[in-house]
Every structure is written in C-alpha cells, then in structure tokens.
There are 2 protein chains.
Amino acid sequence: MSSSGDIEALIEMMARLPGLGPRSARRAVLQMIRKKELMLIPLADLMHHVGASVRDCVECGNIGSSTICDICANEKRATGEICVVEDVADLWALERSGVFRGRYHVLGGTLSALDAVGPDELRIPKLIQRVQDEAVSEVILALNATVDGQTTAHYIADQLEGRVRLTSLAQGVPIGGELDYLDDGTITAALRARKDL
Amino acid sequence: MSSSGDIEALIEMMARLPGLGPRSARRAVLQMIRKKELMLIPLADLMHHVGASVRDCVECGNIGSSTICDICANEKRATGEICVVEDVADLWALERSGVFRGRYHVLGGTLSALDAVGPDELRIPKLIQRVQDEAVSEVILALNATVDGQTTAHYIADQLEGRVRLTSLAQGVPIGGELDYLDDGTITAALRARKDL
Ligand SMILES: [Zn+2]
Ligand SMILES: [Zn+2]
C-alpha cells in the first residue's frame, strides 16, 4: 500500500466494523479525507464526545449520556409496562416503530449454555428487582425468535410467573427472525397482537 | 430514537459514508460503543491524527503525511514510468496488484463537459510539466474504461504525443469497468499487456 501508516491503520480499523469490509473501508476513508473539514474532523470530534459521555443506564441498560437514560427519566413512560429486549439495537428498532410507550429492560444478550452465559451475566436479577420495586403491571418479552432468545424468555417467565402479567410479541416475528432486521410495520403488528404467556 | 443526541448525530454522519446506510451505521456505532476502549477511542484518535497530517503530494497528487508522498520520495521508483490514474483509490488498487514499480500521477477526476471539468481543474498541466522536467520514458494512461475516462485519456495523449511513449491498460479491463472494482489478477494482466497508443 502506498498510503501512509496512519491512513492504513485507519482503513484496517474501519474494516473491522460490522457491514464494512476492506473495500468499503478504503472508500469510506478516502471520502472522509476528501471531505476532511466536513467529515473526518467532525466525525473524530463526535466519537471522542460520545466516548467520553456514553454510559449504560443503571435502571434499564440502555445507552445514553447520563446515569439514567432519557426513557427511564421520562415520567410519561412510567406506564407500568417493561419491554425486555436482548440488546440496544432491539430497543432502537422498537423505538423507531413508535408503538411502545412504556420502558425497557436491556438484558445484554441471551442465556447460552454453549457460551456459558447464565442469568447473572445478563441483567435478569435487576429485572426481577424492578418488578418487585416498581409499579410494574406487564412485562413484554420482546426477545428474538431464536433458540437462545426463546430459552431466555422461558427462564424469565418462570422467574416472574404469578407476580406480573407476562406477554410476548406474537404475530409477525418470523421463525429465526431478529428484531433489528424487521421493518417498523411488522414490529408494530407484533406488539399490537401480543399474547399472554 | 432513544439514543442521546450525540449518538444519533454520530449514526447520521456514519450513514453518509459510502457503503454504509442507516442500518449498518447503527450497528457500527453500537459496536464501537460496546468496544469503546478498543474501537471508538482509538478510531477517533486515528482520525484526528490523519486529519492533522494528511496532505496531497505536490508531485503526483497521492495522499500521504508529507509534501512529497512515499512513492515520489522513493528513488527506486524513479523508473521513468508514470502511471496516470483518476483518483487515489485507483492508485491504491494498482499498488495492491504490486506489478507497477514506477510512479503515479493522480488527476483528481476526469474531464467532463457535463460537470464543467476542464484540464485546469485536473492535474493535467502538472503532468505535462513533469514530462518536460523529469526523465520520463513512458506515460501509462490507466484511466477507467468509461466515456469520461477515455475522453480524458485521448486529451492527454494529444497533449503528450511525440514527447514520450504513451500506453494504456489493455487486456482485462471490462467495458464500463472501474479499476477500483477489479481484482488484483485482472489489473496485473491489464498492465502486463499494455499497448502503445
Ligand atoms: Zn434506562
Ligand atoms: Zn507523490
């Protein structure tokens, strides 16, 4: 390669991001360099800013710039409904659909025997605590329709059985489907048609 | 969106990069945030570093971290051959093939009546000056096989006719093909089989 060492290092690091390969990383870096004042510098500034301010919400596990995320801090969202998702990408997908007005609980993954992920590696104890401490009327298990997702949903349902209304997304989530890949309409339909467990 | 303003701004800016859309930008940003110390911060540092150091080589138009790029500064590459390319991505593609050991001249685009790009908007005067001033034995016109690329090649050939050996990439470059999308083998074959104009 003829580009200087730093440019190469930048391309290599960009190429490790999901959705980018070596070719698109090269094109992205060239584009950023061509638009240095409009892209490269502002992007670097934003990244530093986000890096310095981003944190996990102590309540729900969402990411934001304060100890309590915008959703947990918003009293209008104290509807008594908690929607349990695997990760922040799923929370974003649900927020884009705009149909859910309650709060979330981000597990940070799924139970997995293979990867030795148990309940304590996820935010499951915190979820149980929230159901005890907050005025929670319903827990919506919006986990992916994968084996690990459904195993995790069943485990949580067992833990919370009899304490709160438990529902799960119903219509529209295809077998093996992941929330983050669904269109907003499908997510809206699935949430509207949620069923009791 | 539930992400804080800075995170959203970062996603929007990433989504403007070539090869990334809103979905892949969201996934990339989440991944960077999850691996903050390994990805987000080092990437921001590298971008700042590149932003502060990157410049165009005054000789050939390649990008690097000094006034004269690594290739122009390398005496071993003073072979008398200059390979003329449209942009830095094409230079990188040729360098990856490893077959060309001379120097480059990056035009910074192609002549285009539609976009009102004339010879002076490109580095064509500088190319003519290099052919006059340096010991140049051959100019290889490695322009894309597009209408504008070939128009530009003919214009340069007219300007340099009789002063230097002029060649162009031959075999292997498909009609309408762009160098940056070709595999290394095709580029190597095209360069080896280059023909006189
Ligand atoms: Zn929260
Ligand atoms: Zn140079």
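Structural notes, computed from the coordinates. (Residues numbered from 1 in each chain as written. Chains lettered and ligands numbered in written order. Predicted model: local features only at pLDDT ≥ 70, side-chain atom pairs only at ≥ 80, totals over all residues. Heavy atoms only, no water.)

Section: the nonpolar core
No. 1: Within the largest apolar cluster, 92 residues are counted, with the highest numbers of intra-cluster contacts made by Leu10(A), Met14(A), Met32(A), Met47(A), Met14(B) and Met47(B).
No. 2: Met47(A) has contacts with Leu10(B), Met14(B), Met32(B), Leu40(B), Leu43(B), Ala44(B) and Met47(B), leaving out every residue within four places of it along the chain. (Core = buried A, V, L, I, M, F, W, Y, C linked by side-chain atoms within 4.5 Å. Buried < 20%, exposed > 50% of the residue type's maximum accessible area, 1.4 Å probe, protein only. Contact = heavy atoms within 4.5 Å.)

Some details on the coordination of the zinc ion (ligand 1)
All names here are of chain A.
No. 1: Coordination of the zinc ion (ligand 1) by the protein involves Cys57 (SG), Cys60 (SG), Cys69 (SG) and Cys72 (SG), with metal-donor separations of 2.3 Å.
No. 2: Here the zinc ion (ligand 1) binds 4 donor atoms, and the angle range of 104 to 116 degrees at the metal identifies the geometry as tetrahedral.
No. 3: Donor residues for the zinc ion (ligand 1) sit on one chain with the sequence pattern C-x2-C-x8-C-x2-C. Comparing cysteine 60 with cysteine 69, the two get one shared label, buried. (Donors = N, O, S within 2.8 Å, 3.2 Å for Na, K, Ca; no water. Tetrahedral: all angles 85-135°; square planar, octahedral: opposite > 155°, others 65-115°.)

Some thoughts on the coordination of the zinc ion (ligand 2)
All names here are of chain B.
No. 1: Surrounding the zinc ion (ligand 2) are the protein donor atoms Cys57 (SG), Cys60 (SG), Cys69 (SG) and Cys72 (SG), at 2.3 to 2.4 Å.
No. 2: Around the zinc ion (ligand 2) sit 4 donor atoms; with metal-centred angles ranging over 105 to 115 degrees, the donor geometry is tetrahedral.
No. 3: Donor residues for the zinc ion (ligand 2), ordered by position in the chain, follow C-x2-C-x8-C-x2-C. Placement of the pair is cysteine 57 in the loop between strand 1 (55-56) and strand 2 (63-64) and cysteine 69 in the loop between strand 2 and helix 4 (70-73), with a sequence separation of 12 residues.
No. 4: Cysteine 69 gets classed as buried once you look at its relative accessible area, which sits at 1%. (Helix = DSSP H or I, 4+ residues; strand = E, 2+ residues; numbered from the N terminus.)

Points about the environment of Ala116(B)
No. 1: Note that Ala116(B) resides in the loop between strand 4 (103-106) and helix 6 (124-133).
No. 2: Residues Ala116(B) and Ala157(B), spaced 41 residues apart in sequence, show a C-alpha to C-alpha distance of 20 Å.

Structural notes on the interface of chain B and chain A
No. 1: Facing 58 residues of chain B, the contacting portion of chain A comprises 58 residues.
No. 2: Scanning the region where chain B abuts chain A turns up 2 salt bridges.
No. 3: Asp87(B) is the salt-bridge partner of Arg34(A), the closest N and O atoms lying 3.6 Å from each other.
No. 4: Taken together, the connections running from chain B to chain A amount to 7 residue pairs in polar contact (both at pLDDT 80 or more).
No. 5: Put simply, the parts of the chain that give the side of chain B that touches chain A at least two residues each are helix 1 (5-15), helix 2 (22-34), helix 3 (36-53), strand 2, helix 4 and helix 5 (88-97) of chain B.
No. 6: Of the residues in the side of chain B that touches chain A, the class split is 32 nonpolar, 13 polar and 13 charged. (Salt bridge = Lys/Arg side-chain N within 4 Å of Asp/Glu carboxyl O. Polar contact = N/O pair within 3.5 Å; in protein donor to acceptor, adjacent residues only side chain to side chain. Nonpolar A, V, L, I, M, F, W, Y, C, P; charged D, E, K, R; others polar.)

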